[in-house]
Structures are given as C-alpha cells and as structure tokens.
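# Observations on the three-dimensional arrangement
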Amino acid sequence: MIQPLAYIHPQAKIADNVVIEPFVTIHKDVEIGEGTWIGSNSVIMDGARIGKNCRIFPGAVISAPPQDLKYKGEQSTVTIGDNTTIRECVTLNRGTALDKNTTTIGSNCLLMAYVHVAHDCVIGDNVIVANAVQLAGHITVYDYAFIGGSSAVHQFVEIGAHSMISGGSLVRKDVPPFTKAGREPLSYVGINSVGLRRRGFSAATIAEIQEIYRIIFLKKYNVTKALDIIEAEFTPSVERDEIINFLQNSQRGIMKGFGNT
C-alpha cells in the first residue's frame, strides 16, 4: 500500500507488502524489504538498506549524510536488519569512506524516539536504545545491550553484549559485556543478572561472571593483573573468553570500578 501523497523515486527498490503512508519521501538509492511500514513524514535518503518487517515511525530520517567535516559526498549506506523498530524523529547517518562506509543497525532492535546514531556506528541484534540517546560516530554496541534514555556516548566507545547503562549517563569509556553501568563518572554497579536470567543464562554462569568482575572492578588490580588472575583461576568458557577479549581489545579503556574516583 503506497499512498498517493508519498513521493517515491521510480528507481527505489520497494518489496511486496510494504506500507508507505502519506507525505513520506523516499530517494533513489533505497532498498526496503517486504512487510515494512513507513510512517508519515519519514524521509528515507540515498543509501538506505532496510530489512523485512521493520516499523519506521513518523518524522524519522534514515541515511542522511554524516555530520562529519571529512565527508566529501562519497557513496555510503545505512543498513537496518529485519524486525527493527525506529520510533519518532530518530536520525540515522550513513557511513564514511574513512571508516566502515556504512552504519549498521541489527535485527530485532528498538530505537526509541529522538535517538541519533552517527556515522559508522555498528549496533548489534536485539539492542534497545531508549529515548533521546545520542551516539557519536564509530561506536559499537553489541547484542542485547540496553542504553538508558538521554545518555550521550563518546565516539569510538564500545558497549558490550548484555550490558545495561543507566539513563542520563555520559559514556566516555568502554562498557564491558554483562555489566550494569551508572553514576558519574560512569562506573561498574554490578552485573546485569536480571537480563541474563531472562535470556536463559544458568545460575552457575551468572555466578562465574560475577566472580570475574569482582576481580576486575572490586579488588583494586589493574586490568593486566586482573586478566592474568582470571586466565589462571577460571576455566575457559564462552563468557569468560568474551570478557577477556573485550578488555584486551579496548581502545578507550574501560569504565571505573565501584567506589573508584
């Protein structure tokens, strides 16, 4: 169903069963998967690649040119996975040639109203980004992360899988997987045990994750010493190795430990 008051460039690729409401604007280099709904007054610009069964609410702007002075008009994209919801007035900027050349939003995500995702960000699957969160460029958010409303995330930060960030946070450092982050400056406040239980993690696995983070954040070791202890005292597991790899590859450094200043 395409309303006559919508403008769709004749070369845009629109799949079957896409609903396009009045006053939508869709540019030339756009692909939209079947079953997707595009709400009134949305603008879908060149480079948008939208999956199946997505819902894009009124006022969203998808695949606008990046707000980056180094951008010189090169072709780039925004890719949105299947079953993702983009709420009112969300803005998604496409990538730049100096980095990934694309901005990626995974499947089964929810980006609430007024979220901004800048150029070259990568958001995994099943991520929830609450109202008015602002993501600067080159950020990576891993699967099942939750970012609380009105938070601002510094460029190049990485947010680990299954983590949870308190609303109104200023995220300047990396947030490791399975953790909860809050306070100012952003600090470790525990593991996301409720979220992990909901996703089927066993009690034993949750307890092991908690013990690992006690060593990292509560024992006053530096990261290198903490990793040596973890590798020596914990048998390899998916969760242990994910934490180790995240910390070893952190470029900005990780958030503070509980009670640190």
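Summary of the structure given here. (Residues numbered from 1 in each chain as written. Predicted model: local features only at pLDDT ≥ 70, side-chain atom pairs only at ≥ 80, totals over all residues. Heavy atoms only, no water.)

### Some points on the pattern of salt bridges
In the structure shown here, the tally under the stated rule is eight salt bridges. The residue Asp 99 makes a salt bridge to Lys 100 at a minimum N-O spacing of 3.2 Å. Linking Arg 240 and Asp 241 is a salt bridge whose minimum nitrogen-to-oxygen distance equals 2.8 Å. We classify Arg 240 as buried; its relative accessible area is 9%. Here Asp 241 falls in the partly exposed class, since its relative accessible area comes to 29%. Residues joined by salt bridges that share partners form a network here, namely Asp 29, Glu 31 and Arg 49. (Salt bridge = Lys/Arg side-chain N within 4 Å of Asp/Glu carboxyl O. Buried < 20%, exposed > 50% of the residue type's maximum accessible area, 1.4 Å probe, protein only.)

### As for the packing of aromatic side chains
Under the definition given, this model contains six aromatic pairs. Put simply, the rings of Tyr 188, Tyr 213 and Phe 217 pair up and form one aromatic cluster. We note Arg 55 situated over the ring of Trp 37; from NZ or CZ to the ring centre the distance is 5.0 Å. Of note, Arg 87 hangs over the ring of Phe 57, and the distance from its end group to the ring centre comes to 3.9 Å. (Phe/Tyr/Trp six-rings, centres within 6.5 Å; stacked < 30°, edge-to-face > 60°. Lys NZ or Arg CZ within 6 Å of the ring centre and 35° of its normal.)

### Observations regarding the state of the cysteines
Tallied over the full model, the rule gives zero disulfides. Unpaired in this structure, Cys 89 has its nearest cysteine sulfur neighbour in Cys 54, at a distance of 18 Å. (Disulfide = S-S within 2.5 Å.)

### Structural notes on the nonpolar core
Across soluble globular proteins, nonpolar side chains have a tendency to be buried as a group. The biggest cluster of nonpolar side chains holds 67 residues, and the ones touching the most others in it are Ile 62, Leu 92, Leu 111 and Ile 216. Elements that contribute at least two residues to this core include exactly strand S8 (48-50), strand S11 (77-80), strand S27 (187-191), helix H2 (203-218), helix H3 (223-233) and helix H4 (238-249). The element best represented in this core is H2, accounting for seven residues. (Core = buried A, V, L, I, M, F, W, Y, C linked by side-chain atoms within 4.5 Å. Helix = DSSP H or I, 4+ residues; strand = E, 2+ residues; numbered from the N terminus.)

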